[in-house]
Amino acid sequence: MELWNSSTWGSSFILVGILNDSGVPELLCATITVLYMLALASNGLLLLVITTDVRLHVPMYLLLGQLSLMDLLFTSVVTPKALVDYLRRENSISFGGCALQMFLALMLGSAEDLLLAFMAYDRYVAICHPLNYMIFMSPRVCWLTVTTSWILASLNALGHTVYTMHFPFCMSSEIRHLLCEIPPLLKLACADTSRYELMVYVTGVTFLLLPLSAIVASYTLILFTVLHMPSKEGRKKALVTCSSHLTVVGMFYGAATFMYVLPSSFHSPKQDNIISVFYTIVTPALNPLIYSLRNKEVMGSLRRVLGKYVLPVHPTH
């Protein structure tokens, strides 16, 4: 079989995503466009509210702002290209573009994965150790957790991107996936990738299941604390806050675990495409709604910001 030199940056892949395999691509394209616009508007608005309202300059909302930033960037790495490619009927992506997309998607996905674990720790400290909250979650600790998420995620993404793209790929350079990701690309490699697939599995377990274990442990301790709260109002507020976080955790970790932890025998191009749409397009659109609609402080700040910048009150004469 003729090999395609993977070190040639002028080479290109063909991305055959869900829009190309769908029976109703026009409807799906319109749906994805609406979800992307919703993700831009909701995450952008949440970032604006958290940045401009000093009452939200506390660790919980600073972490939430970082989550919105990651979601905004994550969906923008994938969705615009997928939509433009479908409308132009041009699905090619250069070798360098594929490597860049893989790096950015891996970095943002890994950073969000770690950030969700730190957000669980923040809720644990706030509910189980409220008197020591500003000691355990001081601004310095908060920014340290954020920086750690970005740095570890960048190193993980860089290592995987460089190693994945060093393989020689077959002349059939058609990627049956929404974006350049490790599992579909390894199917095109004309070399033994079994050892590397094991490494992907190990790092997937490390980056997904370890933070998930920390989240489960945090919320188990939170549940015990909440059940012993004397105040009914306090129990309700704690459960509302935590249920929002757990909803986001369930959506993100479920999809990511399917892609990077389950063996390749469980994967099919159609399933992988649906899962990738879920965590790159659907989840970023829903996350800010899940967090903000059930949070009185965020909704109050949103009304104040909109009143100040969008709907200024003019004095009547």
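Residues numbered from 1 in each chain as written. Predicted model: local features only at pLDDT ≥ 70, side-chain atom pairs only at ≥ 80, totals over all residues. Heavy atoms only, no water.

The name an unreviewed UniProt entry assigns to the protein is Olfactory receptor 2AG2, from the organism Sciurus carolinensis. Here the protein is described in UniProt, under the heading Subcellular location (unreviewed entry), as follows: "Cell membrane". Comment text from UniProt for the protein, heading Sequence similarities (unreviewed entry), reads "Belongs to the G-protein coupled receptor 1 family." (UniProt positions renumbered as here; feature names shortened; annotations may be inferred.)

Undergrad: Is there a simple way to explain the nonpolar core in this structure?
TA: Across soluble globular proteins, nonpolar side chains show a tendency to be buried alongside one another. In terms of nonpolar packing, the biggest core is built from 94 residues, with Phe13, Leu116 and Leu185 touching the most fellow members. Setting aside residues no more than four positions away along its own chain, Leu185 makes contact with Phe13, Cys98, Met102, Thr164, Met165, Phe169, Ile175 and Cys180. (Core = buried A, V, L, I, M, F, W, Y, C linked by side-chain atoms within 4.5 Å. Buried < 20%, exposed > 50% of the residue type's maximum accessible area, 1.4 Å probe, protein only. Contact = heavy atoms within 4.5 Å.)

Undergrad: Mind showing me how you'd approach the pairing of strand β2 (residues 12-15) here?
TA: Regular strands place their side chains on alternate faces of the sheet. The alternating pattern of β2 places Phe13 and Leu15 on a buried face, while none of Ser12 and Ile14, on the opposite face, is buried. Pairing analysis gives three bridges linking β2 to strand β3 (residues 92-94), with the strands arranged antiparallel. Bridge pairing in β3 links Phe13 to Ile93. Pairing between β2 and strand β5 (residues 174-175): two bridges, direction parallel. Looking at the pairing, Ile14 lines up with Glu174 of β5. (Helix = DSSP H or I, 4+ residues; strand = E, 2+ residues; numbered from the N terminus. Pairing = 2+ DSSP bridges.)

Undergrad: What am I meant to see in the sheet that holds β5 here?
TA: Consider a sheet: its strands pair through backbone hydrogen bonds, and that pairing is either parallel or antiparallel. The strand order across the open sheet built from three strands is β3-β2-β5, with neighbouring strands paired in mixed fashion. Of all strands in the sheet, those bounded by a partner on one side alone are β3 and β5. Each of β2, β3 and β5 is contacted by helix α4 (residues 95-128), which is oriented at about 85° to β3, the strand it contacts most. (Axes fitted to C-alpha atoms, helices over the stretch in contact; angles between N-to-C directions.)

Undergrad: I would appreciate a short explanation of the environment of Thr52 in the present structure.
TA: Secondary-structure assignment places Thr52 in helix α2 (residues 25-52). Thr52 gets classed as partly exposed once you look at its relative accessible area, which sits at 33%. Along the sequence, Thr52 and Thr164 sit 112 residues apart, while their C-alpha atoms lie 41 Å from each other. Within the structure, the side chain of Thr52 is placed 2.7 Å from the backbone oxygen of Leu48, a separation counted as a polar contact. (Polar contact = N/O pair within 3.5 Å; in protein donor to acceptor, adjacent residues only side chain to side chain.)

Undergrad: Just to check I follow, could you spell out the UniProt feature "transmembrane region" (unreviewed entry) in the protein for this structure?
TA: Here, UniProt's "transmembrane region" (unreviewed entry) annotation points to residues 27-49, 61-79, 99-121, 141-163, 198-226, 238-262 and 274-293. Between the end C-alpha atoms of residues 61-79 there is a gap of 26 Å, over a span that is 100% helix and 0% strand. Taken end to end, residues 274-293 comprises 100% helix and 0% strand; its first and last C-alpha atoms sit 26 Å apart.

Undergrad: Explain helix α6 (residues 139-165) here, please?
TA: For an α-helix, the turn length of 3.6 residues means that residues three or four places apart are oriented alike. The end-to-end C-alpha distance of α6 is 39 Å, a good match for the 39 Å that 27 residues give at a rise of 1.5 Å each. The elements touched by buried residues of α6 are β2, α3 (59-88), α4, β4 (169-170), α7 (182-186) and α8 (194-227). (Expected span 1.5 Å × (residues − 1).)

Undergrad: I'm lost on the pattern of salt bridges in this one. Help?
TA: Where charged atoms of side chains with opposite charge meet at close range, the side chains can pair. The final tally for this structure, using the stated rule, is five salt bridges. Here Asp85 ties to Lys81 by a salt bridge, and the two come within 2.9 Å at their closest N and O atoms. With Asp85 and Lys81 both in helix α3 and four residues apart, this pair spans about one turn of that helix. Its salt-bridge partner being Glu174, residue Arg176 comes within 3.0 Å of it at the nearest N-O pair. In this structure Arg176 comes out as partly exposed when scored by relative accessible area, which is 36%. (Salt bridge = Lys/Arg side-chain N within 4 Å of Asp/Glu carboxyl O.)

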